[in-house]
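Descriptive analysis of the structure
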Amino acid sequence: MSVFLFGPVLVGLAAGYLTGGRLRHLARQPLRGVWLLYAAAAGQLLGHVPPSGRLLSPSAQRWLTALVFSMVGAALLLNLARLSLPARAGVAAILAGAALNAATIVPNGHMPVAPAALGEIGGAPTDTSLDPHHTVSSGTTRMAALGDVLPVPWLNLVISIGDIVAMVGVALLVAALMHEHSGRVPGRRRALDRAGATIDPRPPASRP
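Residues numbered from 1 in each chain as written. Predicted model: local features only at pLDDT ≥ 70, side-chain atom pairs only at ≥ 80, totals over all residues. Heavy atoms only, no water.

**Points about the side chain of Thr141**
Looking at the secondary structure, you find Thr141 in the loop between β3 (134-136) and β4 (150-152). Among the residues examined, Thr141 registers a relative accessible area of 18% and is labelled buried. A polar side-chain atom of Thr141 sits 2.8 Å from the main-chain amide nitrogen of Ser138. The residues touching Thr141, leaving out its near neighbours within four places in the chain, are Asn108 and Pro112. (Helix = DSSP H or I, 4+ residues; strand = E, 2+ residues; numbered from the N terminus. Buried < 20%, exposed > 50% of the residue type's maximum accessible area, 1.4 Å probe, protein only. Polar contact = N/O pair within 3.5 Å; in protein donor to acceptor, adjacent residues only side chain to side chain. Contact = heavy atoms within 4.5 Å.)

**Quick word on the nonpolar core**
Leu76, Leu83, Ala87, Val91, Ile94, Leu173, Ala176 and Leu177 together form the largest nonpolar core, which totals eight residues. Listing elements by their share of this core, those giving two or more residues are α6 (85-108) and α8 (161-177). Setting aside anything within four residues of it in sequence, one finds Leu177 in contact with His25, Leu26, Gln29, Leu83 and Ala87. Within the second largest apolar cluster, seven residues are counted, among which are Val113, Ile121, Val136 and Val158. (Core = buried A, V, L, I, M, F, W, Y, C linked by side-chain atoms within 4.5 Å.)

**Some words on the environment of Glu120**
Relative to the elements of secondary structure, Glu120 occurs in helix α7 (residues 115-120). In this structure Glu120 comes out as exposed when scored by relative accessible area, which is 53%. For the pair formed by Glu120 and Asn156, sequence separation is 36 residues and the distance between their alpha carbons is 8.9 Å. Each residue touching Glu120, except ones within four places of it in the same chain, is listed here: Pro151 and Pro153.

**Some points on a nonpolar patch on the surface**
Together, Leu150, Ile161, Ile164 and Val168 give the surface a local cluster of nonpolar side chains, amounting to about 300 Å² of exposed area. The leading source of residues in the nonpolar patch is α8, at three residues. With respect to the element layout, Ile161 can be found in helix α8. Residue Ile161 is classed as partly exposed on the basis of its relative accessible area of 39%. (Patch = residues over 30% accessible without salt bridge, like charges linked within 9 Å, V, L, I, M, F, W, Y side chains within 5 Å. Areas by Shrake-Rupley, 256 points an atom, 1.4 Å probe, with all protein chains shown as cover. Salt bridge = Lys/Arg side-chain N within 4 Å of Asp/Glu carboxyl O.)

**Considering α6**
A rise of 1.5 Å per residue sets the reference length of α6, with its 24 residues, at 34 Å; its end C-alpha atoms lie 35 Å apart and thus fit the reference within 8%. Ala102 marks the point of greatest bend in α6, at about 30°. Buried residues of α6: Ala87, Gly90, Val91, Ala93, Ile94, Gly97, Asn101 and Thr104, and no others. Gly109 lies just past α6 and shows a positive phi near 85°. (Expected span 1.5 Å × (residues − 1). Bend = angle between axes of the 7 residues up to and from the residue.)

**Thoughts on the packing of α6 against α8**
For any two helices packed against each other, the geometry comes down to the angle between their axes and how far apart the axes lie. For the pair α6 and α8, the least separation of the axes is 7 Å and the interaxial angle reads 160°. In terms of axis orientation, α6 runs roughly antiparallel to α8. Considering how the two elements wind past one another, α6 and α8 form a crossing that is left-handed. Mapping the contact onto sequence places Pro86, Ala87, Ala89, Gly90, Val91, Ala93, Ile94, Ala96, Gly97, Leu100 and Asn101 in α6 and Ile161, Gly162, Asp163, Val165, Ala166, Gly169, Val170, Leu172, Leu173, Ala176 and Leu177 in α8. A class-by-class count of the residues in the contact of α6 with α8 yields 16 nonpolar, five polar and one charged. (Axes fitted to C-alpha atoms, helices over the stretch in contact; angles between N-to-C directions. Parallel < 35°, antiparallel > 145°, perpendicular 65-115°, else oblique. Left-handed = near helix turned anticlockwise from the far one by under 90°. Nonpolar A, V, L, I, M, F, W, Y, C, P; charged D, E, K, R; others polar.)

**A look at unusual backbone geometry**
Phi is positive for Met143, close to 50°, though the residue is something other than glycine. Along the chain, Met143 turns up in the loop between β3 and β4. In this model, Asn156 sits at a positive phi of 55°, which is unusual for a non-glycine residue. Topologically, Asn156 is positioned in the loop between β4 and β5 (157-159).

Nothing here speaks to function; it is all geometry.
Given below as structure tokens:
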């Protein structure tokens, strides 16, 4: 869990600094709908941290997961118009990764995990249900190739293609936000532009 939350962010911060970005620019970004991200984080914790994660029924877990994905997607789309092109590319990658994961989660009810990949990290590939969110793939699993099929032994994880795409998107978004950019135009400049006026860049004392 921490790998998906913090790994891409740390990579994005490093890439942002290497490309001339600064953390202060990230803090100044005029983001909207931040409460949706906080709510999504709370929902994610609710579904994974005991005892609430164990008390929720499988159906409730699926609805909670769908709600978390929806809130994150809504927060990203709310800010799309004011983001730079690299940041928009990051958002697109995040949404694409989520869509790839959803393509196998929705028809199966869980994220399928390849038995061979599970065995490579020391798991039991014969378990039919790993937790409320994952299940071992079988012959009847739909879109199994989009499930967790990529073992990462040193992290004891199995990840999906969608996970990789989404993590790349998070890193790109963080790096892009570290560069000063705002899609907003100051109110006075916008009003003058609408009136067909121009702003004289010279100081008042030097104007005719």
